[in-house]
Amino acid sequence: MTATFVALIDFLGTFAFAISGGLVAVRHRLDLFGVLVLSFAAATAGGIARDVLLDMVPASVVDWRYLAVSLVAGLITFRWHDQVERLRNPVQVSDAIGLSLFAVLGAGKALANGLGPTGAVMLGILSGVGGGIVRDVLVATVPSVLHRELYAVAAFVGALVVVVAHALSLPAAPAAVAGAVACFVLRWLAIRRGWRLPQPRAGDPS
Amino acid sequence: MTATFVALIDFLGTFAFAISGGLVAVRHRLDLFGVLVLSFAAATAGGIARDVLLDMVPASVVDWRYLAVSLVAGLITFRWHDQVERLRNPVQVSDAIGLSLFAVLGAGKALANGLGPTGAVMLGILSGVGGGIVRDVLVATVPSVLHRELYAVAAFVGALVVVVAHALSLPAAPAAVAGAVACFVLRWLAIRRGWRLPQPRAGDPS
Amino acid sequence: MTATFVALIDFLGTFAFAISGGLVAVRHRLDLFGVLVLSFAAATAGGIARDVLLDMVPASVVDWRYLAVSLVAGLITFRWHDQVERLRNPVQVSDAIGLSLFAVLGAGKALANGLGPTGAVMLGILSGVGGGIVRDVLVATVPSVLHRELYAVAAFVGALVVVVAHALSLPAAPAAVAGAVACFVLRWLAIRRGWRLPQPRAGDPS
């Protein structure tokens, strides 16, 4: 993947997660700075976790553009949340876009730093789900990844496409696009059709 | 401690914490992937925190066996949670085993990486309690370490045994076993007999 | 800034945040160890996050004095919380002191490690708000930074003073004092006068 293509994916994913963070903040009646903080936290937490685990200084700490993209998305959400909310499930849509883009990006970055296939899939999933986890924990709710429709499964599929393409020496950019599309479509169908993984059978309450 | 012995402790602790994470997930009615995610998070968070603070790439990110052990434990919990729940306090038992093994392992790993006694005891405690903290925060409850019977005290004792033995140049493997047993027995007696540390005297509610 | 001056700020901030953590623990009826754990977590989480993002082993892990300061503050809180609570808003005062000191310290440490102005301001804010976030998440409440009066704005101002002074080659120690005072005064006035940032206009509940 060229650096420009990676940066494009990265900032699109940052923007999408920042919108989801801002909307969750608005729904919890936070003030302007709370909206901006939650936008930034949702947008960068997955990438920060990925880079810390790769033993690197996170990109979003040294590059001001991540902050700028997050703040723009947060301000848009703050100002026009009424219009945004008129879209169908805007939190879920923006969250699913961020999930898809960061899952393929995280897997690709892990491979580029020498991790094996299992590590790359795991960092892809973590990059994808990290922002949503921090967003939800900060407003004291159970993160989507733990109980929503095929959330981590979709990130797994997206990261897997990237890792398999790498193992087969296929070109990286089309693989990233294919992985992101597969992740988004799977997550979106799961939301629309209510697909769920099996739940544990009811037992004796403990 | 030989590498084999360390690996044995590590995978046993991983398995025990993964069971505790899976059981907590089942009790919160999460679906299959939520059970697997919480198993993995509970099993690896303490070790990840320990390795990040030691400025290393965490073992569970580069070695697929941690993921495999967590998934097996999560699947067992998902499938047979009724039978597991028939044991006496299975969450507390598996949690206490993980706590004991990771406390001594974390202290030993910190010493091996050149930390002094205070740092080694602190990383031992963190390794022991980290998995349970992440597990409980993810389901939006107050972590056990903050209000349960002698939880962090037990991890402290386990880590202290390892650090004192190291200072006295005693052999590491028996010290690790002794520390883990001391930690587990203390935690278990505290649960069974309701031992508690003093609570603050009731004051004016604020 | 001389090393002695930095250490003074650091231990004062550690003590202040540890008091705030201990008081929150007492209000949640935690036992002695819960009080000590929450004191230590509140006192060190911001600095640990800062150092991990700078790819360093955190100071509080290798230097026993952070633990000692936290434990002393925790024990004082545990023993004399009635008297401490008679002060006006002791959690908010100690929290505001810690916020101010860590915001300027974090920005200064980031500059000393080669980060640019945006990164230094961000790490200053994170150092300032990190301890309070972990403290509040551990007792399952929404962190102050997301909804309290000008909380992150105050940290932003404190860090900005340090970064601007550095850009103008002004002496670091007076800049740090000025930044900390500006942060504290802003936060304190916001609390006393109820200053708030705008909230989103009420829309259709979703």
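The residue numbers shown here count from 1 along each chain, following its written sequence. Labels follow written order: the first chain is A, the first ligand is 1, and so on. Owing to the predicted nature of the model, reporting of local features is limited to residues with pLDDT of at least 70; listing and counting of side-chain atom pairs is limited to 80 or more, with chain, interface and lining totals taken over all residues. Hydrogen atoms and water are omitted, and side-chain values are computed over all heavy atoms in the structure.

Details of the relation of the copies chain C and chain B
Stated formally: When the copies are overlaid, the least-squares fit takes in C-alpha atoms only where the residue has pLDDT of at least 70 in both copies. In this analysis, two residues are considered to be in contact whenever any of their non-hydrogen atoms come within 4.5 Å of each other.
Turning chain C through 120° and shifting it by 0.0 Å along the axis lays it on chain B, with an RMSD of 0.0 Å. What we have between these two chains is a three-fold relation. If distances are taken from each C-alpha of chain C to the rotation axis, the shortest is found for C:A140, at 3.5 Å. Little of the interface of chain C is mirrored in chain B, where only 13% of its interface residues again form contacts.

Here we look at the interface of chain A and chain C
Cut-off, in case you're wondering: Buried area, as used here, totals the accessible surface that two parts lose on assembly, with accessibility defined by a 1.4 Å probe and the loss added over both. Think of a salt bridge as a Lys or Arg side-chain nitrogen and an Asp or Glu carboxyl oxygen that are within 4 Å of each other. Two N or O atoms form a polar contact when they lie within 3.5 Å of each other; inside protein one atom must be a possible hydrogen donor and the other a possible acceptor, and for residues adjacent in sequence the pair counts only when both atoms belong to side chains. A run of H or I in DSSP counts as a helix once it spans at least four residues, and a run of E counts as a strand once it spans at least two, with each numbered from the N terminus. Classification convention: Asp, Glu, Lys, Arg as charged; Ala, Val, Leu, Ile, Met, Phe, Trp, Tyr, Cys, Pro as nonpolar; all other residues, Gly among them, as polar.
Taken residue by residue, the interface counts 30 residues in chain A and 30 residues in chain C. Ranking the residues of chain A by area buried against chain C places A:D31, A:F33 and A:V61 at the top, with a combined share of 23%. Across the contact surface, chain A and chain C share zero salt bridges. If you look at where chain A meets chain C, you find zero residue pairs in polar contact (both at pLDDT 80 or more). Looking at which element gives the most residues to the side of chain A that touches chain C, the answer is helix α2 (residues 32-53) of chain A, with eight residues. Each residue belonging to the side of chain A that touches chain C can be placed in one class, and the counts come to 20 nonpolar, three polar and seven charged.

Quick notes on the UniProt feature "transmembrane region" (unreviewed entry) in chain A
Residues and elements named next belong to chain A. Just so we agree on the cut-off: UniProt positions are given in the numbering used here, feature names are shortened, and annotations may be inferred rather than shown by experiment.
UniProt records the feature "transmembrane region" (unreviewed entry) for residues 6-26, 33-52, 118-138, 150-168 and 174-191 in the present numbering. Helix makes up 100% of residues 118-138 and strand 0%, with an end-to-end C-alpha separation of 29 Å. When the span residues 174-191 is considered, its composition is 100% helix and 0% strand, and the gap between its end C-alpha atoms is 26 Å.

Quick word on the interface of chain C and chain B
Contacts between chain C and chain B engage 30 residues on the former and 30 residues on the latter. Summed over both sides, the interface of chain C with chain B buries roughly 2,600 Å², with 67% coming from carbon and sulfur. The interface formed by chain C and chain B holds zero salt bridges in total. Put simply, chain C and chain B have zero residue pairs in polar contact (both at pLDDT 80 or more) between them. Looking at the side of chain C that touches chain B, the elements with two or more residues in it are α1 (3-27), α2 (32-53), α3 (59-62), α4 (64-85) and α6 (117-138) of chain C. At eight residues, the largest contribution of residues to the side of chain C that touches chain B is made by α2(C). Looking at the side of chain C that touches chain B residue by residue, the classes come out as 20 nonpolar, three polar and seven charged.

Thoughts on the packing of aromatic side chains
Keep this limit in mind: A pair of Phe, Tyr and Trp rings is counted when the ring centres sit within 6.5 Å of each other, with Trp represented by its six-membered ring. The angle between the planes then sorts it: under 30 degrees is stacked, over 60 is edge-to-face, the rest tilted. Note on exposure labels: buried denotes an accessible area under 20% of the residue type's maximum, exposed denotes more than 50%, and partly exposed covers the range between, all computed with a 1.4 Å probe on protein chains only.
The full count for this structure, using the stated rule, is nine aromatic pairs over all chains. When the ring of A:F11 is compared with that of A:Y66, the centres are 4.9 Å apart and the planes differ by 40°; the resulting orientation is tilted. Taken as a pair, A:F11 in helix α1 (residues 3-27) and A:Y66 in helix α4 (residues 64-85) lie far apart in primary sequence, 55 residues in all. The class for A:Y66 is buried, based on a relative accessible area of 8%. For the pair B:F184 and B:W188, a centre-to-centre distance of 6.1 Å together with 10° between the ring planes defines the contact as stacked. One end of the pair is B:F184 and the other is B:W188, both in helix α8 (residues 172-193) and four residues apart, which spans about a single turn. Judged by relative accessible area, which is 25%, B:F184 ranks as partly exposed.

What about the side chain of C:D31?
By secondary structure assignment, the location of C:D31 is in the loop between α1 and α2. Taking the relative accessible area as the measure of exposure, C:D31 reaches 5% and is therefore buried. Only 3.1 Å separates the side chain of C:D31 from the backbone nitrogen of C:F33, close enough to count as a polar contact. Residues contacting C:D31, with those up to four places away along its chain left out, are B:L146, B:R148, B:L197, B:P198, B:Q199 and C:F78.

Description of the packing of helix α6 (residues 117-138) of chain B against helix α7 (residues 151-167) of chain B
Residues and elements named next belong to chain B. Quick reminder of the rule: Only C-alpha atoms enter the line fits that serve as axes; for helices the fit covers just the stretch in contact. Angles between N-to-C directions range over 0 to 180 degrees. Should an angle fall under 35 degrees it is taken as roughly parallel, and over 145 as roughly antiparallel, whereas 65 to 115 is taken as roughly perpendicular and any remaining angle as oblique. Note on convention: the crossing is left-handed when the near helix lies turned anticlockwise from the far helix by less than a right angle, right-handed when the turn is clockwise.
The N-to-C vectors of α6 and α7 enclose an angle of 135°; their axes lie 8 Å apart at closest approach. Taken together, the axes of α6 and α7 lie oblique to each other. In this structure, the crossing between α6 and α7 has a hand that is right-handed. Along its contact with α6, which presents P117, A120, V121, G124, I125 and V129, the element α7 presents Y151, A155, F156, A159, L160 and V163. Here the residues of the contact of α6 with α7 are counted per class, giving eleven nonpolar, one polar and no charged.

Notes on the pattern of salt bridges
Residue and element names in this part refer to chain A. Enumeration according to the criterion identifies 18 salt bridges over all chains in this entry. Among the salt bridges present, the one from D51 reaches R50, with a minimum N-O distance of 2.9 Å. Across the pair, exposure class does not vary: D51 and R50 are buried alike. Residue D95 is joined to R135 by a salt bridge in which the shortest nitrogen-to-oxygen separation is 2.7 Å. In this pair, D95 is assigned in helix α5 (residues 90-112) and R135 in helix α6 (residues 117-138), connecting sequence segments 40 residues apart.

Details of the confidence of the model for chain A
This is how it is decided: The predictor attaches a confidence to each residue, and that confidence, scored 0 to 100, is pLDDT.
Put simply, chain A has an average pLDDT of 89, and 97% of its residues get 70 or more. Confidence, expressed as mean pLDDT per element, reaches its minimum in chain A at helix α7 (residues 144-147) of chain A with 82 and its maximum at helix α8 (residues 151-167) of chain A with 94.

Topic: the nonpolar core
Put simply, the test is: By nonpolar core we mean a set of buried residues, namely Ala, Val, Leu, Ile, Met, Phe, Trp, Tyr and Cys, connected to one another through side-chain atoms within 4.5 Å.
A:L38, A:V129, A:V145, B:L38, C:L38, C:V129 and C:V145 are the most contacted members of the largest nonpolar core, which has 180 residues in total. Once you skip the residues sitting within four places of it in the chain, C:V129 turns out to touch C:L99, C:V145, C:Y151 and C:A155.

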